[in-house]
Amino acid sequence: MTRAYPLVLLPLTLALLPHVLGCSGGDTDASSDGTTSTSSSSGGGSGATGGSTTATTGGGTTTATTGGGATTGGSTTATTGGGTTTATTGGGTTEKFSFFVTSIVAMRELSGSQDGFGGDLRFGETGPGAGLRGADKICATIAEKSLPGAGGKTWRAFLSAAAGEDGNQVDAIDRIGEGPWYDRLGRLIASNKEELLGERPTGADDGLADDLPNEDGVPNHQPDPSQPEVDNHDTMTGSDEEGRLFGPTATCSDWTSAAADRNSKPRLGHSWPRDFGGGGPGGPGGGFNMAHWMSAHDAAGCTPGVNLVDAGGPAQGSTSVGSGGGYGGIYCFALTP
C-alpha cells in the first residue's frame with residue numbers, strides 16, 4: 001500500500017518532528033501547524049496497487065497478514081526503533097470501500113491551507129445546502145485520490161444541518177444509506193445503522209471501532225506508524241448521540257462559515273475515544289470520558305485551525321475547530337458498499 005500524499009508527508013515529518021515532541025500545550029491554533037507532521041496519511045495508493053506496509057517499531061521482526069481487497073502489490077516502510085515489524089495488508093477495493101475519516105493531509109490539500117477548511121465546507125458550491133453538497137464533494141474527491149474509481153460512488157458527509165436545500169432540517173444519520181460500510185481495506189465498520197447508534201460502532205472488525213481509519217485504511221490516531229500517536233480525535237458532525245441535529249448553532253451556519261463567532265460552535269465526535277479518567281461521576285476523572293464517535297463536545301468555534309498536541313482541551317480565547325485536539329476532519333460514508 002503506497003502513500004497517498006508523498007509530497008506532503010515527507011517535508012512535514014522531517015521539518016516539524018522536533019516541535020511535535022517538544023510542545024507542552026497552550027493555544028496552538030496558529031503555531032501548532034508545526035505539530036501536524038505526524039498526522040499525514042501513510043497508507044493509500046491507487047486501485048491498481050496496494051499490498052504490504054512495513055513499520056519498524058522495536059526489536060525483532062513480526063509479520064502479520066490482514067487480508068486484502070481486489071488489488072495487489074506495493075509497500076510502505078517506516079522506521080522507529082531497532083527491529084522490524086512488517087504488516088501485510090490488501091490494497092483495497094472499490095467494491096467495498098464505503099467509510100473513512102478525512103485525513104489531515106487530504107483536508108490541507110483540498111483546502112489549500114495548512115489550517116484546513118474550518119467550518120466552511122462549501123468547496124466551490126453555492127446556494128441553499130452548499131455546505132452539505134461541498135462536504136459530500138470533499139468526501140468523493142478524497143475517496144478518488146485514495147482509490148481511483150471509488151469517487152464514482154455516492155458519498156455523504158456525516159453532518160447534520162439546520163436547513164438543507166429545501167430549507168428543512170437535515171440529520172446526519174439519514175444521509176448515509178443503510179449499510180454495510182467498509183474501510184479502504186475492505187474491513188467492516190458497521191453492518192447497519194443500528195450498529196452505528198452507540199458510543200462506538202458495534203460489529204466492527206477488531207480494532208476499528210476504537211480507532212476509526214482514514215481514507216487509506218490507516219488508524220487515524222497514529223496515521224504515520226513511524227511517529228508517535230497524535231491528539232487528533234475531534235471530528236465535526238453537528239450531531240447528537242443519535243446522529244440528529246445537535247442544535248442550530250452546532251453547524252457553523254450549516255457548514256458555510258469559518259468566522260470567529262463565539263456563538264457558533266460545531267458539535268464534534270471522537271474518531272478514537274478520548275479518556276480523561278472515566279470512573280463515573282465522582283470517579284478519578286469525574287466521569288469525563290468522551291468516547292462517543294458522533295457526539296462528544298463542542299468545538300471552540302468555526303475558524304480553521306490545527307492542534308495535535310494534547311493541551312487538555314481548547315485554549316482560552318480560541319475559536320478554531322481543531323484547538324481541542326484535531327484539524328476539522330469529517331466522517332464520510334458511501335450510500336452503497
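Conventions adopted
- Residues numbered from 1 in each chain as written.
- Predicted model: local features only at pLDDT ≥ 70, side-chain atom pairs only at ≥ 80, totals over all residues.
- Heavy atoms only, no water.
- Helix = DSSP H or I, 4+ residues; strand = E, 2+ residues; numbered from the N terminus.
- Buried < 20%, exposed > 50% of the residue type's maximum accessible area, 1.4 Å probe, protein only.
- Contact = heavy atoms within 4.5 Å.
- Areas by Shrake-Rupley, 256 points an atom, 1.4 Å probe, with all protein chains shown as cover.
- Pairing = 2+ DSSP bridges.
- Axes fitted to C-alpha atoms, helices over the stretch in contact; angles between N-to-C directions.
- Left-handed = near helix turned anticlockwise from the far one by under 90°.
- Nonpolar A, V, L, I, M, F, W, Y, C, P; charged D, E, K, R; others polar.
- Expected span 1.5 Å × (residues − 1).
- Disulfide = S-S within 2.5 Å.
- pLDDT = per-residue confidence, 0-100.
- Core = buried A, V, L, I, M, F, W, Y, C linked by side-chain atoms within 4.5 Å.
- Salt bridge = Lys/Arg side-chain N within 4 Å of Asp/Glu carboxyl O.

Trainee: Any chance you could explain the overall build of the chain here in plain terms?
Mentor: Along the chain, the regular secondary structure elements total five helices and 14 strands. When burial is assessed residue by residue, the chain has 57% of its 337 residues classed as buried. Counting contacts in the chain only where the partners sit at least 6 residues apart, residues at least 24 apart contribute 68% of the total. Of the roughly 12,400 Å² of accessible surface on the chain, 50% is carried by carbon and sulfur atoms.

Trainee: Help me understand the pairing of strand S10 (residues 267-270), please; the structure alone is not making it clear to me.
Mentor: It is a general feature of regular strands that their side chains alternate between the two faces of the sheet. Going residue by residue along S10, you find Arg267 and Gly269 tucked away on one face and Leu268 and His270 tucked away on the opposite face as well. Pairing geometry for strand S9 (residues 234-236) and S10, over three bridges, is antiparallel. Residue pairing across strands places aspartate 234 opposite histidine 270, the latter belonging to S10. Here S10 runs beside strand S13 (residues 297-298); their pairing, made up of two bridges, is antiparallel. From the neighbouring strand, leucine 268 faces S13, where its bridge partner is histidine 297.

Trainee: Even after reading the chapter, I still don't get the packing of helix H2 (residues 104-111) against helix H3 (residues 130-146), so can you show me in this structure?
Mentor: The description of two packed helices rests on the angle between their axes and on the distance between the axes. With their axes 11 Å apart at the nearest point, H2 and H3 run at an angle of 115° to one another. Seen from above, H2 lies across H3 with right-handed handedness. Only Ile138, Thr141, Ile142 and Lys145 of H3 make contact with H2, whose side of the interface consists of Ala106, Met107, Glu109 and Leu110. Partitioned by chemical class, the residues of the contact of H2 with H3 number five nonpolar, one polar and two charged.

Trainee: Please explain H3 as it appears in this structure.
Mentor: Residues three or four positions apart in an α-helix share a direction because the helix packs 3.6 residues into each turn. When the terminal C-alpha atoms of H3 are compared, their 24 Å separation across 17 residues agrees well with the 24 Å that a helix rising 1.5 Å per residue should span. All of the buried residues in H3 are Ala130, Gly131, Leu132, Gly134, Ala135, Asp136, Ile138, Cys139, Ala140, Ile142, Ala143 and Ser146. Against the buried residues of H3 lie strand S5 (99-101), H2, strand S6 (155-157), helix H5 (252-255) and strand S14 (326-334).

Trainee: Looking at this structure, I do not really get the state of the cysteines. What am I missing?
Mentor: What we call a disulfide is simply a covalent bond connecting the sulfur atoms of a pair of cysteines. In the structure shown here, the tally under the stated rule is two disulfides. In this model cysteine 139 forms its disulfide with cysteine 332; the gap between the sulfur atoms is 2.0 Å. On the S-S bond that ties cysteine 139 to cysteine 332, the torsion sits near -75°, and the link is left-handed. Note that cysteine 139 is positioned in helix H3 and cysteine 332 in strand S14, a separation of 193 residues in sequence. Here the two residues cysteine 139 and cysteine 332 agree in accessibility, since each one is buried. Residue pairing for cysteine 252: its cysteine sulfur links by disulfide to cysteine 302, the two sulfurs lying 2.0 Å apart. Of note, the bridge from cysteine 252 to cysteine 302 carries an S-S torsion of about -100° and is left-handed in sense. A residue pair is termed long-range when its members are at least 10 positions apart, and cysteine 252 in helix H5 and cysteine 302 in the loop between S13 and S14 qualify at 50 residues. Like cysteine 302, cysteine 252 is buried. For the chain, the bonded cysteines pair up as 1-4, 2-3 when numbered in the order they occur along the sequence.

Trainee: Can you help me understand the confidence of the model for the chain in this one?
Mentor: Segments scoring low in pLDDT should not have their predicted coordinates read at a detailed level. Residues of the chain with pLDDT of at least 70 account for 68%, and the chain-wide mean is 76. The model gives residues 1-90 a pLDDT under 50, and that stretch makes 235 contacts with residues more than four places away or in other chains. The model gives residues 276-288 a pLDDT under 50, and that stretch makes 18 contacts with residues more than four places away or in other chains.

Trainee: Looking at this model, I keep getting lost on the environment of lysine 137. Mind explaining?
Mentor: By the element assignment, lysine 137 lies in helix H3. Setting aside residues up to four positions removed in sequence, lysine 137 forms contacts with Phe123, Gly124 and Glu125.

Trainee: Whenever I open this one, H2 confuses me. Can you help?
Mentor: With six of eight residues buried, H2 is to be regarded as a mostly interior element. Those residues of H2 that fall on the buried side of the exposure criterion are Ile104, Val105, Ala106, Met107, Arg108 and Leu110.

Trainee: What should I look at first to understand the nonpolar core in this one?
Mentor: The nonpolar side chains of a soluble globular protein tend to be buried with one another. Counting 55 residues, the largest nonpolar core has Leu121, Trp155, Phe158, Ile330 and Phe333 as its most contacted members. For this core, the secondary structure elements donating two or more residues are S5, H2, H3, S6, strand S8 (188-190), H5 and S14. Among the elements that make up this core, the one with the highest residue count is H3 (seven residues). Excluding its chain neighbours within four sequence positions, the residues that come into contact with leucine 121 are Gly131, Gly134, Ala135, Ile138, Leu159, Met236, Trp255 and Ile330.

Trainee: What is the right way to read the pattern of salt bridges from this model?
Mentor: Opposite charge on two side chains makes pairing possible when the charged atoms of those side chains draw close. Under the definition given, this model contains 13 salt bridges. For glutamate 125, the salt bridge goes to arginine 133, with nearest N and O atoms at 3.0 Å. The exposure class assigned to arginine 133 is partly exposed, which follows from its relative accessible area of 23%. On the accessibility criterion, glutamate 125 (24% relative accessible area) is partly exposed. Where salt bridges share partners, they join Glu125, Arg133, Lys137 and Glu165 into one cluster.

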